[in-house]
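This is what each chain is made of:
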Amino acid sequence: MNLIDSIRASAIQRDQLQLRRHRRIQQQRDGAYAVVDGQRLLNFSSNDYLGFAQHPAVKAAFIKGIERYGVGSAGSALVSGYFSAHADLERQAAALFGYDACLYVGSGYLANIGVLQTLLDEKSVCVQDKLNHACLIDGARFAGSTLMRFAHADMQHAERLCSQAAGDNLFIVSDGVFSMDGDSADIRALASLAKQHAATLMIDDAHGVGVLGATGLGSLQASGLCASDVPLLIIPAGKALGGHGALILSNSEIIQHLLETARPYLFSTAPAPAMAASVSEALNLLAHAPEYHQQLQSNIATFKQLAQQAALPVMPSSSAIQPIMVGSNAHALQLSEILRTRGFWLSAIRPPTVPAGKARLRITLTALHTPHQIE
Ligand SMILES: *Cc1c(COP(=O)(O)O)cnc(C)c1O
């Protein structure tokens with residue numbers, strides 16, 4: 001089959017499975033509301049958990065950054081694209097999360113691919129939770145390592161895989177909060193498994209930072225763990241930090257190794273310095289303005305209580321991600337459409353983002369929502 005024929009066959013197949021995708025155009029954003037394809041909707045589909053993407057101080061830091069540095073960085077970090085805003089952000093993030101060092105890169109996807117591809121090779125074994133984010137799976141594959149996946153949250157299965165793993169470089173990798181289910185990994189159990197097997201534990205806390213933990217520092221804070229338990233922590237900045245890019249936190253030796261050898265870092269233009277400045281401001285707010293995190297926590301509690309009263313089929317999640325399991329793709333799409341006509345933006349999540357037969361409505365709560373809107 002030639003290229004066009006195979007593309008058409010694939011589209012027909014997606015059609016039959018109700019898996020066609022269309023990008024909705026967001027014309028404007030106004031707090032918890034979005035104008036989508038011309039219609040004003042209450043947004044329950046955003047990862048801007050603390051509202052920082054629209055926060056006046058974060059926007060001002062971005063604008064000030066542009067005035068000082070211009071827009072693009074115009075170089076990879078090792079050539080000419082590394083600015084004081086990048087260096088400041090890395091120092092600040094390392095101190096806040098209790099790590100020696102930090103590397104700020106262009107996206108979470110790049111971070112995970114770069115770290116895994118650089119630190120693993122054909123002789124390494126990478127043990128991962130089955131529901132890990134796609135880029136963690138891809139990173140282990142690109143490295144050519146042996147990828148072993150344990151059933152979601154099944155620590156006995158994880159233990160068996162670690163025991164089977166032969167080779168000297170063993171990685172255990174997990175999301176802190178699972179992006180489509182909203183539940184948390186048992187990081188304490190993973191940390192002791194890692195100690196037992198002399199493995200390196202890597203956590204991607206995209207949906208934990210800003211949400212979990214007494215002061216919103218994420219899954220490690222919520223589990224009472226620190227840098228010595230989790231030597232590699234990835235924090236994508238596009239979720240609760242309201243910006244773009246990702247922070248890789250580790251010890252100085254690993255960070256230095258990554259910045260000298262990780263191909264996605266070496267051969268990619270550094271993120272805009274103004275973006276680094278706005279992520280810095282978001283970290284500032286996270287550290288010094290607890291009200292956003294507290295509002296989000298209170299909104300999550302309100303939602304869970306109301307959902308329980310209404311006997312909705314929610315999942316065991318204490319994060320901002322509160323999925324309602326539907327099952328069939330067609331039904332999930334239909335519900336999402338009905339909600340849209342009533343003024344709510346709440347997307348149907350379908351395969352390959354979730355397993356077949358597990359389509360769902362994925363509600364995300366933010367600090368911008370009011371209890372009334374949630375009700
Ligand atoms: C969103 C996400 C990523 C990717 O981060 P980007 O900055 O959007 O590329 C990685 N891991 C997890 C768990 C995510 O939710």
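Residues numbered from 1 in each chain as written. Predicted model: local features only at pLDDT ≥ 70, side-chain atom pairs only at ≥ 80, totals over all residues. Heavy atoms only, no water.

Here the focus is the sheet that holds strand E12 (residues 344-345). Strand order in the open sheet formed by 4 strands is E1-E2-E3-E12, and the pairing between neighbours is mixed. In this open sheet, the two edge strands, each paired with only one partner strand, are strand E1 (26-30) and E12. Of the pairings in the sheet, the one linking strand E3 (residues 39-43) to E12 comprises 2 bridges and is parallel in character. Within the sheet, the bridge partner assigned to Asn43 lies in E12 and is Trp345. (Pairing = 2+ DSSP bridges. Helix = DSSP H or I, 4+ residues; strand = E, 2+ residues; numbered from the N terminus.)

The terminal C-alpha atoms of helix H1 (residues 3-16) lie 20 Å apart, and with 14 residues this matches the ideal 20 Å at 1.5 Å per residue to within 8%. Between a side-chain oxygen at the N-terminus of H1 and the backbone nitrogen of Ile4 the separation is 3.2 Å; the capping residue is Asn2. Positioned one or two residues after H1, Gln18 has a phi angle of 55°, which is positive. (Expected span 1.5 Å × (residues − 1). Polar contact = N/O pair within 3.5 Å; in protein donor to acceptor, adjacent residues only side chain to side chain.)

Turning next to the nonpolar core. If you look at the biggest cluster of nonpolar residues, it comprises 72 residues, and the most contacted ones within it are Phe97, Leu201, Leu241, Leu247 and Leu296. The leading source of residues in this core is helix H11 (residues 273-288), at 8 residues. Two domains each provide a minimum of three residues to this core, namely domain 1 (23-49 + 290-374) and domain 2 (71-288). When sequence neighbours within four positions are dropped, the list of residues in contact with Leu296 reads Tyr49, Leu50, Gly210, Val211, Ala320, Leu365, Thr366 and Ala367. (Core = buried A, V, L, I, M, F, W, Y, C linked by side-chain atoms within 4.5 Å. Buried < 20%, exposed > 50% of the residue type's maximum accessible area, 1.4 Å probe, protein only. Domains from an automatic or database assignment. Contact = heavy atoms within 4.5 Å.)

Here the focus is the packing of aromatic side chains. The full count for this structure, using the stated rule, is 3 aromatic pairs. Between Phe52 and Tyr292, the aromatic rings sit 5.5 Å apart at their centres with planes inclined by 80°, giving edge-to-face as the arrangement. With Phe52 in the loop between E3 and helix H2 (56-69) and Tyr292 in helix H12 (residues 291-309), this residue pair connects regions lying 240 residues apart in the sequence. Given the relative accessible area of 22%, Tyr292 is considered partly exposed. (Phe/Tyr/Trp six-rings, centres within 6.5 Å; stacked < 30°, edge-to-face > 60°.)

By nearness alone, every residue bordering the ligand is listed as Ser107, Gly108, Tyr109, Asn112, His133, Cys135, Asp175, Asp204, Ala206, His207, Pro236 and Lys239. Within the contact set of the ligand, an oxygen atom lies 2.7 Å away from a backbone nitrogen or oxygen of Gly108. In the model, an oxygen atom of the ligand is placed 2.7 Å from a nitrogen or oxygen of the Lys239 side chain. Considered on its own, the ligand offers 380 Å² of accessible surface; in the complex 83% of this is hidden by protein. With 3 residues, the top contributor of residues to the shell around the ligand is helix H4 (residues 108-119). Considering only residue class, the shell around the ligand consists of 4 nonpolar, 5 polar and 3 charged. (Near = heavy atom within 4 Å. Areas by Shrake-Rupley, 256 points an atom, 1.4 Å probe, with all protein chains shown as cover. Nonpolar A, V, L, I, M, F, W, Y, C, P; charged D, E, K, R; others polar.)

Residues Phe62, Ile63, Ile66 and Val71 make up a contiguous nonpolar surface patch of roughly 330 Å² in combined accessible area. Here Phe62 is to be found in helix H2. (Patch = residues over 30% accessible without salt bridge, like charges linked within 9 Å, V, L, I, M, F, W, Y side chains within 5 Å. Salt bridge = Lys/Arg side-chain N within 4 Å of Asp/Glu carboxyl O.)

This next bit is on the sheet that holds strand E5 (residues 124-129). A sheet is described by the order of its strands in space; here 7 strands give the open sequence E4-E10-E9-E8-E7-E5-E6, paired in mixed fashion. Every other strand in the sheet has two partners, leaving strand E4 (101-105) and strand E6 (146-150) as the edge strands with one partner each. Going from strand to strand, the sheet's axes swing by 20° on average, the running direction of each strand aside. Bridge analysis of E5 against strand E7 (residues 169-175) gives 5 bridges, and the strand direction is parallel. Paired with Cys126 across the two strands is Phe171, which belongs to E7. This element, H4, spans E4, E5, E7, strand E8 (200-204), strand E9 (232-236) and strand E10 (246-250) of the sheet and lies at about 160° to E9. (Axes fitted to C-alpha atoms, helices over the stretch in contact; angles between N-to-C directions.)

Among the residues of helix H7 (residues 187-196), Ile187, Leu190, Ala191, Leu193 and Ala194 are the ones counted as buried. All buried residues of H7 lie within an arc of 160° about the axis, which places them on one face of the element. Facing away from the buried side of H7 by more than 90 degrees, the exposed set consists of Arg188, Lys195 and Gln196. Check the buried side of H7 and you find it contacts E6, helix H6 (155-164), E7, E8 and helix H8 (219-223). At the exit of H7 stands Ala198, carrying a positive phi of roughly 50°. (Arc of directions from axis to C-beta.)

This brings us to unusual backbone geometry. A cis amide bond, omega 10°, links Pro351 with the succeeding residue Pro352. Tracing the sequence through the fold places Pro352 in the loop between strand E13 (348-349) and strand E14 (359-364).

With that out of the way, let us pick up the domain arrangement of the protein chain. Domain annotation for the protein chain reports domain 1 (23-49 + 290-374) and domain 2 (71-288). Taking only C-alpha atoms, the centre of domain 1 and the centre of domain 2 are 26 Å apart. Of the residues lining the interface, 22 residues belong to domain 1; the matching set on domain 2 comes to 21 residues. Across the domain 1 to domain 2 interface the summed buried area is about 1500 Å²; carbon plus sulfur atoms make up 61%. The tally of links between domain 1 and domain 2 comes to 1 salt bridge. (Buried area = accessible area lost by both parts, 1.4 Å probe.)

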